[in-house]
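# Per-entry structural report
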Amino acid sequence: MNLSLKGKNALVCGSTQGIGKAAAIQLASMGANVILVARNETSLQDALSELDNSMGQIHDYFTADFTEPGLLQAALQNYLSNNLPINILINNTGGPAGGPAHTAGIDAFRAAFEMHLICNQILVQGVMQGMIDTGYGRIINVISTSVKQPLENLGVSNTIRGAVANWSKTLANELGKFGITVNNVLPGATNTIRLQSIIQNKSQKSGLSVKEVEHEMQAEIPAGRFGEPEEIAAAIAFLASPAAAYINGINLPVDGGRTKSL
């Protein structure tokens, strides 16, 4: 099985913590040159120092704020004008704040749409021609199991994640003829800062302790535990590899079996 990414250039968004950072580390370990993208330059530099370079990989980073799509586009264009084409794009952005859909303000939906779908579109349009020219393209969107089964009290997230999933499937149909695959990885409850925040909010609203909330959430998962970022990263890395060339347009839950639908 060919899992080597030596000589491939991978752009990983949200790569200073959680799933994004774990994905960057995994892709680098498979030989990819990794370009990190996030807001905080100090955190980017710290993450860069953790990437494997034993196969001669050359890693890099640039800063971008996904609340400012125009600035992201400018930063991407500036990077691409001075560097080699991107072969692998990992779209990964922190999820919207929790709360019911019916009480969410219009601005919350608009901001989430821009951060996720619009920024993803900017990135795809920026790197797509390079993928076509080099004959290798992998676009992997880290979204949520909510595209299969909406999650309670995540109204804006459920809505926007669903939009990204359908955008992704449409791209898969359009770009497959160029040898570009477009797939979605759907993490379940994963040990990240976002999960900790969700647990804290549930604890405050329910009056239960953090441990009690954790036990309730884990009881819904057949595996009986939360996932680790490295486990999500493994699925991302496989889809980025040559071995996954014939996998296109799928939603892949990595959730310990929690999602009840097929």
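This write-up is about the structure you can find in this document. (Residues numbered from 1 in each chain as written. Predicted model: local features only at pLDDT ≥ 70, side-chain atom pairs only at ≥ 80, totals over all residues. Heavy atoms only, no water.)

### A word on the packing of helix α4 (residues 106-134) against helix α5 (residues 155-175)
Between α4 and α5, the least distance of the axes is 9 Å, while the angle of their chain directions is 20 degrees. Judged by the angle between their axes, α4 and α5 are roughly parallel. Relative to α5, the crossing made by α4 is right-handed. Contacts from Ala108, Phe109, Ala112, Phe113, His116, Leu117, Asn120, Gln121, Val124 and Met128 in α4 reach Val156, Thr159, Ile160, Arg161, Ala163, Val164, Trp167, Leu171 and Leu175 in α5. Taken together, the residues that form the contact of α4 with α5 break down as 14 nonpolar, 4 polar and 1 charged. (Axes fitted to C-alpha atoms, helices over the stretch in contact; angles between N-to-C directions. Helix = DSSP H or I, 4+ residues; strand = E, 2+ residues; numbered from the N terminus. Parallel < 35°, antiparallel > 145°, perpendicular 65-115°, else oblique. Left-handed = near helix turned anticlockwise from the far one by under 90°. Contact = heavy atoms within 4.5 Å. Nonpolar A, V, L, I, M, F, W, Y, C, P; charged D, E, K, R; others polar.)

### Some thoughts on the layout of surface pockets
As a volume, the second largest pocket reaches approximately 170 Å³. Along its surface, the second largest pocket is lined by Asn9, Asn33, Ile35, Gly56, Ile58, Asp60, Tyr79, Asn83, Leu84 and Ile86. In terms of residue class, the lining of the second largest pocket is built from 5 nonpolar, 4 polar and 1 charged. (1 Å grid on protein atoms, 1.4 Å probe; cavity = no way out; pocket = protein on both sides within 12 Å on 5 of 7 lines; lining within 4 Å. Points joined across faces, edges and corners; volume = space filled by probe spheres on them.)

### Let's talk about empty space enclosed by the protein
Scanning the entire structure with this criterion turns up 1 cavity of 30 Å³ or more. Space inside the largest cavity adds up to approximately 50 Å³. Forming the boundary of the largest cavity are Asn91, Asn92, Thr93, His116, Asn120, Asn141, Val142, Ile143, Arg161 and Val164. Within the residue set of the lining of the largest cavity, elements represented by two or more residues are β4 (88-92), α4, β5 (137-142) and α5.

### Some words on helix α1 (residues 18-29)
The terminal C-alpha atoms of α1 lie 17 Å apart, and with 12 residues this matches the ideal 16 Å at 1.5 Å per residue to within 8%. Among all positions in α1, only Ile19, Gly20, Ala22, Ala23, Ala24, Leu27 and Ala28 are buried. The inward-facing, buried residues of α1 contact β1 (9-13), β2 (33-38), β4, β5, β6 (180-187) and α8 (229-240). (Expected span 1.5 Å × (residues − 1). Buried < 20%, exposed > 50% of the residue type's maximum accessible area, 1.4 Å probe, protein only.)

### What to know about the sheet that holds strand β7 (residues 251-254)
Judged by pairing direction, the sheet is parallel, and its 7 strands sit side by side in the order β3-β2-β1-β4-β5-β6-β7 without closing on themselves. The outermost strands of the open sheet, each flanked by one partner alone, are β3 (60-63) and β7. Neighbour-to-neighbour, the strand axes of this sheet turn through a mean angle of 20 degrees, independent of strand direction. Across 4 bridges, β2 lies against β3 in parallel orientation. Within the sheet, the bridge partner assigned to Val37 lies in β3 and is Phe62. Sheet contacts for α1: β1, β2, β4, β5 and β6; angle to β1, the most-contacted strand, approximately 170 degrees. Helix-sheet contacts for α4 involve β1, β4, β5 and β6, and the interaxial angle to β4 is about 170 degrees. (Pairing = 2+ DSSP bridges.)

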